[in-house]
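The lines below spell out each chain.
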Amino acid sequence: MTPGHSGDPLPPPVGKPLWLMTLADLALLLVGFLVLIQATTDRDALARGLRDAFGRIETAPIPVAAAVASFAPGSAVLTDPATLVSWARTELRDPRVTITVTGAAEASEGVLLAVDRARAVLAALVAADLPAERLQLATARSPGRRATLTLAFAGEPKAQP
């Protein structure tokens, strides 16, 4: 080894560390925001505009559990709706969750059968007096003879105006 050689094959970086550039960018954003606030004469209008712009962000519900309804080949008749209704009724006690019913069919059966399967499950849930506004319908391209009920955390219920 030569004197002054630390054994590191890479030489030390030349210039400023990368985190310093990020800190500078954040500081400039903050200064720009403060200048915007100072230059605005109607601060209430600015606050409303920011609240409206950031309030429109919709987040997708977070899946937390699932149940499956199986179907006979070529059929959209739900054989045991009581089990699914019982599961959905128990899970929908929490007002922060929604259920998405996703129908699936084999490629030879066609996408319309997947929709019919999802609709059959959804009809059974609505017929059991479950809240229709917290039920959604979807289809999947995945093969199978089933309808999947996905329980998702959607957040706190929105206040009614």
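As shown above, the structure is provided for reference.
Predicted model only: the values in this text are computed from it and were never measured.

Caption draft 1: Molecular detail of the overall build of the protein. If you tally the helices and strands in the protein, you get four helices and four strands. From first element to last, N terminus to C terminus, the protein shows the α and β order α-α-β-α-β-α-β-β. By the burial criterion, 25% of the 161 residues in the protein qualify as buried. A total accessible area of about 11,600 Å² is found for the protein, and carbon and sulfur atoms account for 63% of it.

Caption draft 2: Molecular detail of a nonpolar patch on the surface. On the surface, Leu30, Phe33, Leu34, Leu36, Leu50 and Phe54 cluster together into a nonpolar patch covering about 570 Å² of accessible area. Considering each element in turn, the nonpolar patch owes the most residues, four residues, to helix 1 (residues 18-39). Relative to the assigned elements, leucine 30 resides in helix 1.

Caption draft 3: How the structure looks around helix 4 (residues 111-127). In a regular helix each residue adds 1.5 Å, so 17 residues correspond to 24 Å; helix 4 covers 24 Å between its end C-alpha atoms and thus fits that length. Among all positions in helix 4, only Leu113, Ala114, Arg117, Ala118, Ala120, Val121, Leu122, Ala124 and Leu125 are buried. Against the buried residues of helix 4 lie strand 1 (62-70), helix 3 (81-91), strand 2 (97-104), strand 3 (135-139) and strand 4 (146-153). Downstream of helix 4 by one or two residues, aspartate 129 has phi in the positive range, about 65°.

Caption draft 4: Structural view of unusual backbone geometry. One non-glycine residue, aspartate 129, adopts positive backbone phi at about 65°. As for its position among the elements, aspartate 129 is in the loop between helix 4 and strand 3.

Caption draft 5: Region of interest: the environment of alanine 132. With respect to the helices and strands, alanine 132 occurs in the loop between helix 4 and strand 3. The exposure class of alanine 132 is partly exposed, given its relative accessible area of 43%. Considered as a pair, alanine 132 and leucine 122 are 10 residues apart in the sequence and their alpha carbons are 8.6 Å apart.

Caption draft 6: Spotlight on the packing of helix 1 against helix 2 (residues 43-55). Helix 2 packs onto helix 1 with a crossing angle of 135° between their chain directions and a minimal axis gap of 9 Å. Taken together, the axes of helix 1 and helix 2 lie oblique to each other. Contacts from Phe33, Leu36, Ile37 and Gln38 in helix 1 reach Arg43, Leu46 and Leu50 in helix 2.

Caption draft 7: Region of interest: the nonpolar core. In terms of nonpolar packing, the biggest core is built from 23 residues, with Ile99, Val101, Val121, Leu125 and Leu149 touching the most fellow members. Breaking this core down by element, the ones donating at least two residues are strand 1, helix 3, strand 2, helix 4 and strand 4. For this core, the element with the most residues is helix 4, which contributes five residues. Ignoring any residue separated from it by four or fewer positions in sequence, one finds isoleucine 99 in contact with Trp87, Ala88, Leu92, Arg134, Leu135, Gln136, Leu149, Thr150 and Leu151.

Caption draft 8: Highlighting the pattern of salt bridges. Under the counting rule described, the total for this entry stands at two salt bridges. Taking the shortest distance from any N to any O, the salt bridge between arginine 96 and aspartate 94 comes out at 3.0 Å. On the accessibility criterion, aspartate 94 (25% relative accessible area) is partly exposed. Here glutamate 109 and arginine 117 are joined by a salt bridge, their closest N and O atoms 3.2 Å apart.

Rules behind the numbers
Residues numbered from 1 in each chain as written. Predicted model: local features only at pLDDT ≥ 70, side-chain atom pairs only at ≥ 80, totals over all residues. Heavy atoms only, no water. Helix = DSSP H or I, 4+ residues; strand = E, 2+ residues; numbered from the N terminus. Buried < 20%, exposed > 50% of the residue type's maximum accessible area, 1.4 Å probe, protein only. Areas by Shrake-Rupley, 256 points an atom, 1.4 Å probe, with all protein chains shown as cover. Patch = residues over 30% accessible without salt bridge, like charges linked within 9 Å, V, L, I, M, F, W, Y side chains within 5 Å. Salt bridge = Lys/Arg side-chain N within 4 Å of Asp/Glu carboxyl O. Expected span 1.5 Å × (residues − 1). Contact = heavy atoms within 4.5 Å. Axes fitted to C-alpha atoms, helices over the stretch in contact; angles between N-to-C directions. Parallel < 35°, antiparallel > 145°, perpendicular 65-115°, else oblique. Core = buried A, V, L, I, M, F, W, Y, C linked by side-chain atoms within 4.5 Å.

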